[in-house]
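Residues per chain, in single letters:
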Amino acid sequence: MDIYILRHGKAEDSPPEGGDASRRLTKKGSEEIVGIGLWMAAQDLEFDLIAASPLARAQETAAIIAGVLDCKKRPLSWDVLVPGSEPDAVCHEISRHAKSSAILLVGHEPLLSSLISRIISGNEDAGIAMTKGALAKIRDVSFTERPSGELHWLLTAKQMNFRK
C-alpha cells in the first residue's frame with residue numbers, strides 16, 4: 001500500500017464564534033489546493049480512499065482534491081486525524097483498509113509529521129515538517145509487525161503548484 005499525506009491548505013484565523021474547528025481555507029489556500037490537485041492529476045495519482053480530519057479546512061482540502069481528480073467516492077471523515085491524535089491510532093485506522101493500494105490522508109500538524117516519522121523510522125523523532133499544502137508519499141507501507149514504509153518523496157505546495 002502507498003499512503004499519501006497532505007496537510008490542509010492555508011486557512012483563515014480562528015473566528016471568535018466557531019473556534020479552530022470551523023476555520024475555513026482562504027481564497028489563496030483554496031487556489032493552492034486546486035493547483036496541487038492539478039499536479040496530482042498530471043502525475044496520474046489515483047486513490048482508493050481519501051480520508052480527512054473532520055475540521056473544516058481539512059474537509060475543504062479533501063473535497064477540492066477529490067473534485068479535481070474526479071473521484072467517484074466522497075472523502076471520509078476520520079476523527080483520528082484531528083490535531084492532538086496519536087500516530088498509532090491513525091496507523092490502526094489505515095490498517096483496517098489493507099486491501100487499498102493507495103490512500104490519501106488530509107490533516108494537520110504536528111500529527112502528520114509524527115505519523116510519517118512513526119511509519120518510516122518506528123518512532124516520532126525523524127524531524128519532519130509538513131508546511132501547509134505539503135504532500136508526502138510513503139510507499140510499501142506494511143502493518144505486519146509494526147508500521148513500516150519508505151518515504152518516497154515530500155514536496156511543498158510551491159514545488160507542486162504550477163497555477164499562480
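Chemist: I'm lost on the nonpolar core in this one. Help?
Modeler: When a protein is soluble and globular, its nonpolar side chains tend to lie buried together. M40, F47, L104 and L135 are the most contacted members of the largest nonpolar core, which has 25 residues in total. Mapped onto this core, the elements with two or more residues apiece are β1 (2–7), α1 (27–42), β2 (49–52), α2 (56–68), β4 (102–107), β6 (148–155) and α5 (157–160). The greatest single-element share of this core, amounting to five residues, is contributed by α2. Of all hydrophobic cores here, the second largest spans 22 residues; its members include L49, A51, V90 and L105.

Chemist: Would you explain unusual backbone geometry in this entry?
Modeler: Leaving glycine out, the prevailing phi sign among residues is negative, and the prevailing peptide bond configuration is trans. Here the residue pair E109 and P110 is connected by a cis peptide bond, since its omega of 5 degrees sits within 30 degrees of zero. Along the chain, the position of P110 falls in the loop between β4 and α4 (111–121). Residues other than glycine seldom take positive phi values, yet D44 does so here, at roughly 60 degrees. For D44, the location among the structural elements is in the loop between α1 and β2.

Chemist: Hey, could you run me through the sheet that holds β1 in this one?
Modeler: Strand pairing in a sheet is mediated by backbone hydrogen bonds. Such pairs are either parallel or antiparallel. The strand order across the open sheet formed by six strands is β3-β2-β4-β1-β5-β6, and the pairing between neighbours is mixed. On the outer flanks of this sheet lie β3 (76–77) and β6, each paired with one strand and no other. In the sheet, strand β5 (residues 135–142) pairs with β6 via six bridges, with the strands oriented antiparallel. In the sheet register, A136 faces β6, and the bridge partner there is L154. The sheet strands contacting α2 are β1, β2, β3 and β4, and the helix crosses β2 at an angle near 160 degrees.

Chemist: Teacher, can you tell me more about helix α3 (residues 87–95) here?
Modeler: Each turn of an α-helix holds 3.6 residues, which means side chains three or four residues apart point in the same direction. Burial in α3 covers these residues: P87, V90, C91, E93 and I94. The arc that holds every buried residue of α3, seen down its axis, measures 160 degrees, which confines them to one face.

Scoring rules and cut-offs
- Residues numbered from 1 in each chain as written.
- Predicted model: local features only at pLDDT ≥ 70, side-chain atom pairs only at ≥ 80, totals over all residues.
- Heavy atoms only, no water.
- Core = buried A, V, L, I, M, F, W, Y, C linked by side-chain atoms within 4.5 Å.
- Buried < 20%, exposed > 50% of the residue type's maximum accessible area, 1.4 Å probe, protein only.
- Helix = DSSP H or I, 4+ residues; strand = E, 2+ residues; numbered from the N terminus.
- Pairing = 2+ DSSP bridges.
- Contact = heavy atoms within 4.5 Å.
- Axes fitted to C-alpha atoms, helices over the stretch in contact; angles between N-to-C directions.
- Arc of directions from axis to C-beta.

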